[in-house]
Amino acid sequence: MRHSRAKGEPRFPDGPQADPAGSHFERRIRSFQPRRSRVTAGQADALQRLWSRWGLDIDGHHVDLAELFGNERPVVLEIGFGMGEATAQMAAADPGTNILAVDVHTPGQGNLLNLADHNGLTNVRVANGDAIILLREMLTADALGGLRVYFPDPWPKKRHHKRRLIQPEFLDLAATRLRPGAIVHCATDWEPYAEQMLEVLTAHPRFENTRADGGFAPRPGFRPLTRFEGQGLDKGHVVNDLLFRRVPHGDR
């Protein structure tokens, strides 16, 4: 018999909060576009069992990453992980790096927790909410060893371009949380957005292109080819990777 939730009752009492930061943290640029879809029984079970251990609600309160992961290994922030398959593969291939994966897609959160549990991946934590708030309010300077933004919403209509994540205001913030030498890795199959990313990152004084020719990079071996990406390639889409390094303080 299906349980009918009362108004205001959380969807998963022991899982992620519906609005962890509250409306007073609203920003013009947000790291996500909310999506709602069906949560499977397995995903729901993972959210209930594992959220208290491996989940983080982005509520604006400071978070100690060493305490969150239980070690001092470098932490890479991944913004937007879909269903989490690629995240889980990267975590398995590089157990010496911690991955803090941020998304608001509840089925994806449950799926990544399930994958981490099934594969014994202790270097993954799943964060629920807006990565802008996480960066601005919750992390200290130089806290991150890397940043990954794979296939963000391209907002293709010109009037919506201001909603794109990769732009100067976001990079200003990210630069304060990335330690010198940290890599910002972006990938997109929307060519106009790729060109904008390249332009904005190239112009920013705190980042330098790892490519000597100043262009796009080939897909590195550590980034798995996702099912979504494979389908796009089959249709003739061009996927561009960008790999930029956070320059040391005082340089450039």
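Structural data are supplied above this passage.
Everything in this summary refers to the structure shown in the same document.

Rules of the game
- Residues numbered from 1 in each chain as written.
- Predicted model: local features only at pLDDT ≥ 70, side-chain atom pairs only at ≥ 80, totals over all residues.
- Heavy atoms only, no water.
- Helix = DSSP H or I, 4+ residues; strand = E, 2+ residues; numbered from the N terminus.
- Salt bridge = Lys/Arg side-chain N within 4 Å of Asp/Glu carboxyl O.
- Buried < 20%, exposed > 50% of the residue type's maximum accessible area, 1.4 Å probe, protein only.
- Core = buried A, V, L, I, M, F, W, Y, C linked by side-chain atoms within 4.5 Å.
- Contact = heavy atoms within 4.5 Å.

Here's the deal with unusual backbone geometry
At D142, a position not held by glycine, the phi torsion is positive, near 60°. On the secondary structure map, D142 appears in the loop between α5 (131-138) and β5 (144-150). Phi angles above zero are rare outside glycine, and F151 is one such case at about 55°. Within the fold, F151 resides in the loop between β5 and α6 (168-177).

Some remarks on the pattern of salt bridges
Summed over all chains, the structure comprises seven salt bridges. Salt-bridge contacts for D117 lead to R49; the nearest nitrogen and oxygen are separated by 3.2 Å. Taken as a pair, D117 in helix α4 (residues 106-118) and R49 in helix α1 (residues 41-54) lie far apart in primary sequence, 68 residues in all. Its relative accessible area of 29% is what places D117 among the partly exposed residues. Among the salt bridges present, the one from R223 reaches E229, with a minimum N-O distance of 2.7 Å. According to the relative accessible area criterion, E229 is buried, its value standing at 4%. A single network of salt bridges, built from pairs that share partners, joins D45, R49 and D117.

Description of the nonpolar core
Side chains of a nonpolar character, in soluble globular proteins, are inclined to be buried together. Counting 42 residues, the largest nonpolar core has L65, L77, L100, L134, L147 and F170 as the members making the most contacts within it. The dominant element in this core, judged by the number of residues it contributes, is α5, at six residues. Aside from chain neighbours lying at most four places away, what touches L147 is V76, L77, I79, F170, A174, L178, I183, V184 and H185. Counting 21 residues, the second largest nonpolar core, distinct from the first, contains W51, W54, F81 and A88.

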